[in-house]
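Next come the chains, spelled out residue by residue.
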Amino acid sequence: MILLDTTIVTVATPAIIEDLDADVNSVVWVTSAYLLAYAVPVLITGRLGDRFGPKNLYLTGLALFTAASLWCGLTGSIEGLIIARVFQGFGASMMTPQTMAIITRIFAVERRGSAMALWGATAGVATLVGPVLGGVLTDGLGWEWIFFINVPVGLVAFALAYRLVPRLETHKHKFDWLGVALSGVGMFLLVFGIQEGKQQHWSPTIWTMIAGGIVVIAVFVLVQSRNTGEPLMPLKVFADRNFSISNLGIAAVSFSFTAMGFPLMLWAQVVRGYSPTEAGCLLIPMAVMSIVLAPMVGKLSDKVHPRILTGFGFLVLIGAMLLSALLLKTDTPLWQLLVAMGLIGVGSSFLWAVLTATATRNLPITLAGAGSGVYNALRQVGAVLGSAGIAVLIDSRLAAHGLEKLQSHEAGGGGPLPPGVADKFSEAMSQSLLLVPAVLVLGFLAVLLYERPSHFAPVASTKAVPANAE
């Protein structure tokens, strides 16, 4: 539910633009606000779970997320929707670290890789399914239902979690509130500056915000390195090479999947005239391939060197994303785009699960909670930068093609674009999407440095661990 909501808005972008009389950049903030509110507190909420119990934090976050989803659907303005999404992000930040912490604590080390791989595969499938489900709901019931759907799911999930999730031992922590403040301020300044730069004509104020964000984040890292108590981000987790590489890899993947949805869904609906459902269905091959391959890759993650699995995944994904960008033309045959989407699913299935399984495999149990918090935070940072970066590129490419004054009702699917304008719009979206394979190259170079993890399960091992074992 959390991860569906990172991408489900992309297919509803034209409908929200038209219904709430907003522009593209404002609707991108609907996603950015959620991701930012998700990413910044996730480091501290992992510690809160250790202090007050992961089950208690999970249930509290689930209640807040569900209530905020109802608020999102009921709002009547773009500003109100952005504010509601902030609270939804807060709820998500309370839930996510608890899931990885519980897995780490109840599974023996030789089985933990498979469990974490299933977590990662679920994350990947949910991220891919988001636009498909979003299209069906937007077309059939209205964009509000991409949020309303969370309410019954949240209520059922709350009842199941209350009954079935085990209560685990708690630990006292000193909370690094200075770290919380520095990381929050730094991320906000950086993301706000990047995303609003084009709208503010890259004024000195914008550049000051971006520079200030970088400086504050640098101060945050310095403070963490000198914190002899319990830093918000214990830098010693990065001493493990595989943990550091996994973080770089998941940030690149999260950046890419968050970014790709906006130009793709805008092109499909504005240029090709697809309904939200039809646009979302473009991603079905991607989701199907990921669902089919995820279980197999999850099992391999305990046995095959992560460099092999993730290297293959990144290469396929880079090629598929590049192909997708080149296919965003007014006359592209549909089957070609569907093939590209299927290849994206193949590549991603070798990344989400393996990166997650490898991230904390070598960490001592005393650092597992902090490590999962850092991993989730950097995954979300990648998503935040992806939404901000693609917003800037879409704006700049539209302006470069003389489309900066494109009317809101046209961008919102209010009518077909004239042929000449459609060609320019397609080229702008194609050029914007090239950002994605460029970032994925960085992830590919990083995973080439993976070491063989310790505690690989024996190939013949089938030992089961009870669900309530600690």
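Right above here is the structure, for reference.
Residues numbered from 1 in each chain as written. Predicted model: local features only at pLDDT ≥ 70, side-chain atom pairs only at ≥ 80, totals over all residues. Heavy atoms only, no water.

A word on the overall build of the protein. When its secondary structure is counted, the protein shows 20 helices and 0 strands. Of all 470 residues assigned to the protein, the portion counted as buried reaches 59%. Taking the contacts inside the protein whose residues are at least 6 apart along the sequence as the reference set, 85% of them involve residues at least 24 apart. Per element, the accessible surface of the protein, about 18100 Å² overall, is 68% carbon and sulfur. (Helix = DSSP H or I, 4+ residues; strand = E, 2+ residues; numbered from the N terminus. Buried < 20%, exposed > 50% of the residue type's maximum accessible area, 1.4 Å probe, protein only. Contact = heavy atoms within 4.5 Å. Areas by Shrake-Rupley, 256 points an atom, 1.4 Å probe, with all protein chains shown as cover.)

What follows deals with the side chain of Thr 31. Along the chain, Thr 31 turns up in helix 2 (residues 24–39). Leaving out residues up to four positions away in the same chain, Thr 31 has contacts with Thr 6, Val 9, Arg 85, Thr 258, Phe 262 and Ser 387.

For helix 2, built from 16 residues, the straight-helix expectation of 22 Å at 1.5 Å per residue is met to within 8% by its first-to-last C-alpha distance of 23 Å. The principal kink in helix 2, of about 25°, is found at Val 30. The buried fraction of helix 2 is high, at 15 of 16 residues. (Expected span 1.5 Å × (residues − 1). Bend = angle between axes of the 7 residues up to and from the residue.)

Here we take up the nonpolar core. Counting 106 residues, the largest nonpolar core has Ile 16, Leu 81, Phe 257, Met 260, Ile 344, Phe 425 and Met 429 as the members making the most contacts within it. A per-element tally of this core places helix 11 (residues 241–271) first, with 17 residues. Setting aside residues no more than four positions away along its own chain, Ile 344 makes contact with Phe 257, Met 260, Met 286, Leu 317, Ala 320, Met 321 and Ser 324. (Core = buried A, V, L, I, M, F, W, Y, C linked by side-chain atoms within 4.5 Å.)

The subject of this paragraph is the side chain of Ser 256. Residue position: Ser 256 is located in helix 11. Judged by relative accessible area, Ser 256 falls into the buried class, the value being 0%. Excluding residues within four positions of it along the chain, Ser 256 makes contact with Val 436, Val 439 and Leu 440.

Looking now at the pattern of salt bridges. A side chain of one charge can pair with a side chain of the opposite charge if their charged atoms are brought near each other. What the rule picks out here adds up to 2 salt bridges. Asp 5 is paired through a salt bridge with Arg 85; the nearest N and O atoms lie 3.6 Å apart. Of the two residues, Asp 5 is situated in helix 1 (residues 4–19) and Arg 85 in helix 5 (residues 78–106); the sequence distance between them amounts to 80 residues. Under the relative-accessibility criterion, Arg 85 is labelled buried at 0%. (Salt bridge = Lys/Arg side-chain N within 4 Å of Asp/Glu carboxyl O.)

Here we take up the packing of helix 1 against helix 2. Following both chains from N to C, one finds helix 1 and helix 2 inclined at 160°, their axes separated by 9 Å at the closest point. Our classification of the angle between helix 1 and helix 2 gives roughly antiparallel. You can see that helix 1 and helix 2 cross each other, and the crossing is right-handed. Residue-level inspection shows Asp 5, Thr 6, Val 9, Thr 13, Ile 16 and Ile 17 of helix 1 in contact with helix 2, the latter providing Val 24, Val 27, Val 30, Thr 31, Tyr 34 and Leu 35. The residue makeup of the contact of helix 1 with helix 2, split by class, is 8 nonpolar, 3 polar and 1 charged. (Axes fitted to C-alpha atoms, helices over the stretch in contact; angles between N-to-C directions. Parallel < 35°, antiparallel > 145°, perpendicular 65-115°, else oblique. Left-handed = near helix turned anticlockwise from the far one by under 90°. Nonpolar A, V, L, I, M, F, W, Y, C, P; charged D, E, K, R; others polar.)

The subject of this paragraph is the packing of aromatic side chains. The tally for this structure, following the rule as stated, stands at 8 aromatic pairs. Seen in terms of ring centroids, Trp 71 and Phe 87 are 5.3 Å apart; in terms of plane orientation they differ by 40°. Their pairing is tilted. Taken as a pair, Trp 71 in helix 4 (residues 54–74) and Phe 87 in helix 5 lie far apart in primary sequence, 16 residues in all. Given a relative accessible area of 35%, Phe 87 falls into the partly exposed group. Aromatic side chains Phe 257 and Trp 352 sit 5.8 Å apart centroid to centroid with 45° between the ring planes, which places their arrangement in the tilted category. Of the two residues, Phe 257 is situated in helix 11 and Trp 352 in helix 16 (residues 352–359); the sequence distance between them amounts to 95 residues. Taken together, the ring pairs in this structure connect Trp 71, Phe 87 and Phe 90 into an aromatic cluster. Sitting above the plane of the Tyr 162 ring, Lys 55 keeps its charged end 5.4 Å from the centroid. Of note, Arg 85 hangs over the ring of Tyr 34, and the distance from its end group to the ring centre comes to 4.2 Å. (Phe/Tyr/Trp six-rings, centres within 6.5 Å; stacked < 30°, edge-to-face > 60°. Lys NZ or Arg CZ within 6 Å of the ring centre and 35° of its normal.)

The quantities given are spatial measurements derived from coordinates; they are silent on function.
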